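Summary of the model geometry
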Amino acid sequence: MIPSVLPTYSRAPLHFVKGEGSWLVEEDGRRFLDLGSGIAVNALGHAHPALVKALTDQAQNLWHVSNLYEIPQQQALADKLVASSFADTVFFTNSGTEACELAVKMARKYWYEKGQPEKTDIIAFSGSFHGRSSAGIAAAGSEKMVKGFGPLLPGFKHLEWRDMAGLEAAIDDNTAAVLIEPVQGEGGIRPLPDDELKALRALCDDKGCLLILDEVQCGMGRTGRLFAHEWAGITPDIMMVAKGIGGGFPLGAVLATEEAASGMTVGTHGSTYGGNPLGCAVGCAVMDHVADPEFLAEVNRKAGFLRQKLEGLVAAHPEVFEEVRGSGLMIGLKCKVAPADLVKAGYNALVITVPAADNVVRLLPALTISDDEIAEAVTRLDLAAASLEAA
Ligand SMILES: Cc1ncc(COP(=O)(O)O)c(C=O)c1O
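Now for a quick tour of the structure. (Residues numbered from 1 in each chain as written. Predicted model: local features only at pLDDT ≥ 70, side-chain atom pairs only at ≥ 80, totals over all residues. Heavy atoms only, no water.)

1. With respect to the sheet that holds strand β2 (residues 23–26)
Taken in spatial order, the 4 strands line up as β1-β2-β3-β15 in an open sheet, and their pairing is mixed. Each having just a single partner strand, β1 (16–20) and β15 (351–352) make up the two edges of the open sheet. Pairing between strand β3 (residues 31–34) and β15: 2 bridges, direction parallel. From the neighbouring strand, Leu 33 faces β15, where its bridge partner is Val 351. Across the sheet, helix α12 (residues 371–390) lies against β2, β3 and β15, angled at about 105° from β3, the strand it touches most. (Pairing = 2+ DSSP bridges. Helix = DSSP H or I, 4+ residues; strand = E, 2+ residues; numbered from the N terminus. Contact = heavy atoms within 4.5 Å. Axes fitted to C-alpha atoms, helices over the stretch in contact; angles between N-to-C directions.)

2. Digging into the nonpolar core
Val 178, Leu 255 and Leu 310 are the most contacted members of the largest nonpolar core, which totals 79 residues. Per-element accounting of this core gives the leading share, 8 residues, to helix α10 (residues 293–316). Beyond its immediate stretch of four places on either side in the chain, Val 178 contacts Ile 123, Phe 125, Leu 167, Ile 171, Leu 200, Cys 204, Cys 209, Leu 210, Leu 211 and Ile 212. Of all hydrophobic cores here, the second largest spans 27 residues; its members include Ala 103, Phe 156, Ala 176 and Met 240. (Core = buried A, V, L, I, M, F, W, Y, C linked by side-chain atoms within 4.5 Å. Buried < 20%, exposed > 50% of the residue type's maximum accessible area, 1.4 Å probe, protein only.)

3. Thoughts on helix α3 (residues 72–83)
Taking 1.5 Å of rise per residue, 12 residues should cover 16 Å, and α3 covers 16 Å from first to last C-alpha, within 8% of that figure. Restricting attention to buried positions, one finds in α3 the residues Gln 74, Leu 77, Ala 78 and Leu 81. Around the axis of α3, the buried residues are gathered within 100° of arc, so they sit on the same side. Summarising the geometry of α3, the exposed residues directed more than 90 degrees from the buried face are Pro 72 and Ala 83. Where the residues of α3 are buried, they touch β4 (89–93), β12 (252–256) and α9 (277–290). (Expected span 1.5 Å × (residues − 1). Arc of directions from axis to C-beta.)

4. Describing the site of the ligand
In the vicinity of the ligand, the contacting residues are Ser 95, Gly 96, Thr 97, Phe 129, His 130, Gly 131, Glu 181, Glu 186, Asp 214, Val 216, Gln 217 and Lys 243. In the environment of the ligand, a nitrogen atom lies 2.7 Å from a nitrogen or oxygen atom belonging to the side chain of Asp 214. A distance of 3.2 Å separates an oxygen atom of the ligand from a polar atom in the side chain of Lys 243. Contact with the protein chains hides 83% of the accessible area of the ligand, taken as 390 Å² for the molecule alone. By residue class, the composition of the shell around the ligand is 2 nonpolar, 6 polar and 4 charged. (Near = heavy atom within 4 Å. Polar contact = N/O pair within 3.5 Å; in protein donor to acceptor, adjacent residues only side chain to side chain. Areas by Shrake-Rupley, 256 points an atom, 1.4 Å probe, with all protein chains shown as cover. Nonpolar A, V, L, I, M, F, W, Y, C, P; charged D, E, K, R; others polar.)

5. Notes on the packing of aromatic side chains
As enumerated under the stated definition, the model contains 3 aromatic pairs in all. Summarising the aromatic geometry, the rings of Phe 16 and Phe 32 are spaced 5.4 Å apart at their centres and angled 80° between planes, so their arrangement reads as edge-to-face. Residue Phe 16 is found in strand β1, and its partner Phe 32 is found in strand β3; the two are separated by 16 residues along the sequence. Looking at Phe 16, the relative accessible area reads 32%, which means it is partly exposed. On the accessibility criterion, Phe 32 (0% relative accessible area) is buried. Arranged with centres 6.4 Å apart and planes meeting at 85°, the rings of Phe 125 and Trp 161 form a pair that is edge-to-face. Placement of the pair is Phe 125 in strand β5 (residues 121–125) and Trp 161 in the loop between β6 (156–159) and α7 (164–170), with a sequence separation of 36 residues. Its relative accessible area of 2% is what places Phe 125 among the buried residues. Residue classification places Trp 161 among the buried residues on the basis of a relative accessible area of 12%. Lys 119 extends its terminal NZ or CZ atom over the ring of Trp 111, reaching a point 4.6 Å from the ring centre. Lying across the ring of Trp 231, Arg 225 places its NZ or CZ 5.0 Å from the centre. (Phe/Tyr/Trp six-rings, centres within 6.5 Å; stacked < 30°, edge-to-face > 60°. Lys NZ or Arg CZ within 6 Å of the ring centre and 35° of its normal.)

6. What about helix α11 (residues 339–348)?
Of the positions making up α11, those classed as buried are Pro 339, Leu 342, Val 343, Ala 345 and Gly 346. Angular distribution of buried residues about the axis of α11 spans 160°; they occupy a single face of the element. With respect to the buried face of α11, the exposed residues turned more than 90 degrees away are Ala 340, Lys 344 and Asn 348. On its buried face, α11 sits against β13 (321–327), β14 (330–335), β15, β16 (354–356), β17 (360–363) and α12. Among the residues trailing α11, Leu 350 stands out with phi positive, at a value near 60°.

7. Brief notes about unusual backbone geometry
Apart from glycine, the bulk of residues carry a negative phi angle, and the bulk of peptide bonds sit in the trans form. Residue Pro 151 is bonded to the preceding Gly 150 through a cis peptide linkage, with omega at -5°. By the secondary structure assignment, Pro 151 is in the loop between α6 (143–146) and β6. Positive phi, close to 65°, is recorded for Ala 40, a residue that is not glycine. Along the polypeptide, Ala 40 turns up in helix α1 (residues 37–40). For Ala 40, a relative accessible area of 3% translates into the label buried. Backbone geometry places Met 220, a non-glycine residue, at a positive phi of 60°. Among the secondary structure elements, Met 220 is positioned in the loop between β10 (210–214) and β11 (238–241).

This is the structure we're talking about:
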């Protein structure tokens, strides 16, 4: 008999009942160090007092009002995002997938309104992940994601990750946009080097197509800058954000320049819940922390400390690990063992990690993790690796 919850997930037998900062408490009382943050969602850790206050204050006043009316919390969050980024305008969604849908629509509508309706193609890359909607799976294009779900949304082309030469040849008169994650998350924590992102921006400008960045996983302070593309000193035309922006409350956004958004006029897009008062009140509190340069400086310092400890871990377990890679507090441990085995050994050592493609285990701790917690996390990972060696 089919379970009452549609069985699309392979779940670990863990029942967390409470979260406190970087810690998750199981119903049996065990305390796990959480290096997953709900896959890069709980950017300020669990139950951060500022987020709890923002949510509960808002909940006591107004939960929902339609986008038929003004929503001051939405306006405030949009103003903060515009003030801290390349963007001139923001549309709020409930998730990264919905942000992907709008990013694709926006790019196509831009060219349509410019009198170039043939420019509809979106070029994306192997190993990417942009969500599970029809546009999201068509964009990712991997067999695993699309098999059995055809006919696929047309107009997506795929290149190998970092195939810059191929990209130059692939962008043609029908290309609306290039869509890319500055640091691939699900694909195995694969950062695009800064010079390649710079070259990609220049190529899009030369060839006349838009650049869409998917910063759903790597944005919101995760890499030590508010947005990952800042490291390369470039700006996109359109950017997708989600996960960390709500700190655990479902929230996403599309940020765009005035030019790129120019086709999106009244009636061209909408959402019942997107930009609701609860989500945006929390989003404002998240932004007040992660957009603060001192907060980001701390993320970078802690990322350096964690990286150094992980280099030691990898050196100590050459049969388990191949390398450490990533950016800021978005880290991949490339493994020689099956990632699922290391994640499971981590559960036994009371540390939570997340598997990814390319034989990688992801570490996406709360950006608020302390030095002591970092040291403890690496001790627990060391125990997990040792248990695999002993097996
Ligand atoms: C880079 C990227 N884009 C899009 C998504 C989809 O976001 P959501 O699961 O919020 O719909 C994800 C989720 O993992 C992601 O990592």
